[in-house]
Number of protein chains: 2
Amino acid sequence: MASLGELERAVMDLLWAGQEAATANRLRDLLAQSTQAQGGSAGHVGKDLAVTTVLTVLSRLEKKGLVERERGTRPHRYQAVSSREDHTAELMHEVLGSAPDREAVLARFIGSVTESEAETLRKLLGHI
Amino acid sequence: MASLGELERAVMDLLWAGQEAATANRLRDLLAQSTQAQGGSAGHVGKDLAVTTVLTVLSRLEKKGLVERERGTRPHRYQAVSSREDHTAELMHEVLGSAPDREAVLARFIGSVTESEAETLRKLLGHI
DNA sequence: TGAAACTTCTACAAGGCGTAGAACATTCAA
DNA sequence: TTGAATGTTCTACGCCTTGTAGAAGTTTCA
C-alpha cells in the first residue's frame, strides 16, 4: 500500500518542502497558491479545496504511516514522518525487493544512470 | 500507471517465468496449479478462474504496455514485453525520477544494500 | 456563554481491479 | 459445407481507493 493519489502526493510534496509542521489550513492555502506560482505540470493542484478535504487526505496519509500529527496543539500540526529522500529510497528498495534476481535488476538499473550519479555511487560504495 | 493488481502480477510472474509465449488457457491452468505447488504466500493464486477472467487481465496488461500478443495465431499467444529485470529496473528509475534530489536518494538507497550487492555495483560502475 | 475555529463522521462519484456471463468469431472434423 | 468446439470481445458488477466536501460534534477564546 505504497502508492499515492495525485492530491496525496501534492500534500506530501508540500510537507517535504517546508521543514516545519503545518496546519490543514496552511496546506489548503499552499495548495491554492500553487496555481500561478508554478508553470510546472502540477496537475490538479491550484484548486481551492475545502479544509475538510485536506483533513481527509491528511488522515489517510497518517493511516498510511507517511504523516504524523501533533494532537496536543489545537490546530493540529502535520509533518512528514520521513524525508522525501528516505521515503523514495525506501520505495526503491520495495520495488527491488520483490525481484528474485536482485543483482540482475541492479545491473539494468545502473546501466541507465547519469555519469555524475555514477560518480556519486562510486564514492558512496567506496567507503562502505 | 505502473502499479499492478494481485492477479495481474500473478499473470506477469508466469509470463516472466516461462520464456515462451502462452495462451490464455495455458495461463489459466498454471494459475490453478499454483495452489498446491507452492507453499509461498501466493495470495489469491490457486483459484480456478474462468478463461475470460484471464483474458480480461491480459487485455488490461496489454493496454498498460506490459504484454503483447500475437494476433495472427488463433489461440492468441501472450508474452511479456520486457523481462522482469528490465521492468523492475525501469520501475526503480520511475520512482527515482520523481525526486528532485536524485543523488541524495541514491545515497540513502545505497546505504541499505547488502554487501554482495554493493560488490556487484562496484564492478558494474567500474567499467562505465 | 456563545460565536468562531477546528476536527470527526459520513457520503458520494469516478476509476482500477477481480471476476465472469453473453454474444460474437473462427476453426475443424465429419 | 455445416455445426460443434474453441476462442475472443463486450458488457457488467461489486469492492476498494481517491478526490471531494457537507453535517455534526468539539474546543477555544473574547
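Shown above is the structure to which this text applies.
Residues numbered from 1 in each chain as written. Chains lettered and ligands numbered in written order. Predicted model: local features only at pLDDT ≥ 70, side-chain atom pairs only at ≥ 80, totals over all residues. Heavy atoms only, no water.

## Side note on the interface of chain B and chain A
Logical step 1: Residue-level contacts link 35 residues of chain B with 35 residues of chain A.
Logical step 2: Summing both partners gives a buried area of about 3600 Å² for chain B against chain A, and 71% of it is carried by carbon and sulfur.
Logical step 3: It is M92, F109 and L125 of chain B in chain B that bury the most area against chain A; as a group they hold 17% of the surface buried on that side.
Logical step 4: Run the count over chain B and chain A and you get four salt bridges.
Logical step 5: In this structure, the salt-bridge partner of R108 of chain A is D86 of chain B, at a minimum N-O distance of 2.8 Å.
Logical step 6: For the pair chain B and chain A, the interface holds 14 residue pairs in polar contact (both at pLDDT 80 or more). (Contact = heavy atoms within 4.5 Å. Buried area = accessible area lost by both parts, 1.4 Å probe. Salt bridge = Lys/Arg side-chain N within 4 Å of Asp/Glu carboxyl O. Polar contact = N/O pair within 3.5 Å; in protein donor to acceptor, adjacent residues only side chain to side chain.)

## Considerations on the protein's contact with DNA strand D
Logical step 1: Of all residues adjacent to DNA strand D, which total 24 residues, the nearest are E6, L7, T56 and R60 of chain A together with H76 of chain B.
Logical step 2: Expressed as a percentage, the sugar and phosphate content of the atoms of DNA strand D within 4 Å of the protein is 61%.
Logical step 3: Here a base nitrogen of DNA strand D sits 3.5 Å away from a polar atom, N or O, in the side chain of T52 of chain A.
Logical step 4: In this structure, K64 of chain A approaches DNA strand D through a side-chain N or O atom, which is 3.0 Å from a phosphate oxygen.
Logical step 5: Elements with a contribution of two residues or more to the surface near DNA strand D: α1 (6–17) and α3 (51–63) of chain A together with α3 (51–63) of chain B.
Logical step 6: Top element by residues in the surface near DNA strand D is α3 of chain A. It accounts for four residues. (Near = heavy atom within 4 Å. Helix = DSSP H or I, 4+ residues; strand = E, 2+ residues; numbered from the N terminus.)

## Some details on the relation of the copies chain B and chain A
Logical step 1: Under the fitted operation, chain B is carried onto chain A by 0.0 Å of movement along the axis and a turn of 179 degrees, and the coordinates agree to an RMSD of 0.1 Å. Seen this way, the second copy is the image of the first under a two-fold rotation axis. Of every C-alpha in chain B, the one belonging to M92 of chain B sits nearest the axis of rotation, 2.7 Å from it.
Logical step 2: With an isologous cut-off of 70% or more, the 100% of interface residues of chain B that recur at the interface of chain A puts this contact in the isologous class. (Least-squares fit on C-alpha atoms with pLDDT ≥ 70 in both.)

## Details of the packing of aromatic side chains
Two numbers describe a pair of aromatic rings. These are the distance of the centres and the angle of the planes.
Logical step 1: Counted under the stated rule, the structure contains one aromatic pair over all chains.
Logical step 2: Centroid distance F109 of chain A to F109 of chain B: 6.4 Å. Interplanar angle 50 degrees. Geometry classified as tilted. With one member in each of two chains, F109 of chain A in helix α5 (residues 102–111) and F109 of chain B in helix α5 (residues 102–111) form a pair that bridges those chains. This pair shows no difference in class: F109 of chain A is buried, exactly as F109 of chain B is. (Phe/Tyr/Trp six-rings, centres within 6.5 Å; stacked < 30°, edge-to-face > 60°. Buried < 20%, exposed > 50% of the residue type's maximum accessible area, 1.4 Å probe, protein only.)

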